[in-house]
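Structure at a glance
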Amino acid sequence: EPQEGEAGVAPIADWLRQRFPGPVLSASVQPTESVAWLDRAAVVAFAGTGAPQRFFGLLRKCGANVVHAVSFPDHHPFSEADARHLLGLASEASATLVTTEKDWVRMDASGEPVGRLRSMSRVVPIAMSLGARDGERLKALLEVAVRPKSGEAA
């Protein structure tokens, strides 16, 4: 059965399982620490990850009012123009800047205005989480993968 927040993922995983010969596991993004501060908070969210919409959806699920969601390409180097734009959006909306750990560490803390963007941004640490059923599937796949082959030394 789908875990909470996986309703849209389950049909996709089932479709893939019917068409892909390898293992298909579905996971969701979860915060790794308390995010109670997000409840009803106005935020300007920004992310330069492979799937920024997943991060923005998580913020909404945590109760945040995502005033602006700004996507960048994966591994995006934040420029002065990016920083000015994001700082301006947050100022205009009286909102908190929120990003991922991955994006936060890529910002140059020494220069302006990128350093100011970094210091004014709150981080929501995230991790991928497998549902119980897929967690067991992954464990079984790993056990098979690391099991010595017959004739090999253990």
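Residues numbered from 1 in each chain as written. Predicted model: local features only at pLDDT ≥ 70, side-chain atom pairs only at ≥ 80, totals over all residues. Heavy atoms only, no water.

Spatially, E3-E2-E4-E5 is the arrangement adopted by the four strands of the open sheet, whose pairing is parallel. Strand pairing shows two members of the sheet lacking a second neighbour, strand E3 (65-71) and strand E5 (121-123), which therefore form its edges. Between one strand axis and the next, the sheet turns by 30 degrees as a mean value, whatever way the strands run. Relative to strand E4 (residues 96-99), strand E2 (residues 42-47) is paired through three bridges, and the arrangement is parallel. Each bridged residue has a counterpart across the sheet, and for Ala-45 the counterpart in E4 is Val-98. Against the sheet, helix H2 (residues 52-61) makes contact with E2, E3 and E4, and its axis sits at roughly 170 degrees relative to E3, the strand it touches most. (Pairing = 2+ DSSP bridges. Helix = DSSP H or I, 4+ residues; strand = E, 2+ residues; numbered from the N terminus. Axes fitted to C-alpha atoms, helices over the stretch in contact; angles between N-to-C directions. Contact = heavy atoms within 4.5 Å.)

What follows deals with the nonpolar core. Core analysis: the largest hydrophobic core is formed by 16 residues, its most contacted members being Leu-38, Val-43, Phe-55, Leu-59, Val-98 and Val-124. Looking at which element gives the most residues to this core, the answer is H2, with four residues. Once residues within four sequence positions are removed from consideration, Leu-38 is found in contact with Val-43, Leu-59, Cys-62, Gly-63, Ala-64, Val-98 and Val-124. Among the nonpolar cores identified, the runner-up in size contains 15 residues, and Ala-83, Ala-95, Leu-97 and Val-114 belong to it. (Core = buried A, V, L, I, M, F, W, Y, C linked by side-chain atoms within 4.5 Å. Buried < 20%, exposed > 50% of the residue type's maximum accessible area, 1.4 Å probe, protein only.)

Turning our attention to the environment of Ala-45. The residue Ala-45 is located in strand E2 in this model. For Ala-45, a relative accessible area of 0% puts it in the buried group. With 50 residues separating them in the primary sequence, Ala-45 and Ala-95 have C-alpha atoms 9.5 Å apart. Beyond its immediate stretch of four places on either side in the chain, Ala-45 contacts Phe-56, Leu-59, Val-66, His-68, Ala-69, Val-70 and Val-98.

Under the definition given, this model contains three aromatic pairs. Residues Phe-46 and Phe-78 carry aromatic rings whose centres are separated by 5.7 Å and whose planes lie at 85 degrees to one another, so their mutual orientation is edge-to-face. With Phe-46 in strand E2 and Phe-78 in the loop between E3 and helix H3 (80-93), the pair connects residues that are 32 residues apart, well separated along the chain. Its relative accessible area of 0% is what places Phe-46 among the buried residues. Seen from their ring centres, Phe-72 and Phe-78 are 5.1 Å apart, and the 75 degrees between their planes marks the pair as edge-to-face. Owing to a relative accessible area of 12%, Phe-72 belongs among the buried residues under this scheme. (Phe/Tyr/Trp six-rings, centres within 6.5 Å; stacked < 30°, edge-to-face > 60°.)

Counted by the stated rule, this structure contains five salt bridges. Across the pair Arg-84 and Glu-80 runs a salt bridge, and its minimum N-O distance is 3.1 Å. In this pair, Arg-84 and Glu-80 both sit in helix H3, four residues apart, roughly one turn of the helix. (Salt bridge = Lys/Arg side-chain N within 4 Å of Asp/Glu carboxyl O.)

Note on placement: Phe-72 falls in the loop between E3 and H3. With 21 residues separating them in the primary sequence, Phe-72 and Ala-51 have C-alpha atoms 9.8 Å apart. Contact partners of Phe-72, with chain neighbours within four places excluded, come to Phe-46, Ala-47, Gly-48, Thr-49, Phe-78, Asp-82 and Leu-86.

On the surface, Leu-130, Leu-138, Leu-141 and Leu-142 cluster together to form a nonpolar patch covering roughly 300 Å² of accessible area. Sort the elements by how many residues they give to the nonpolar patch and helix H6 (residues 132-146) lands first, with three residues. Assignment of secondary structure puts Leu-142 in helix H6. (Patch = residues over 30% accessible without salt bridge, like charges linked within 9 Å, V, L, I, M, F, W, Y side chains within 5 Å. Areas by Shrake-Rupley, 256 points an atom, 1.4 Å probe, with all protein chains shown as cover.)

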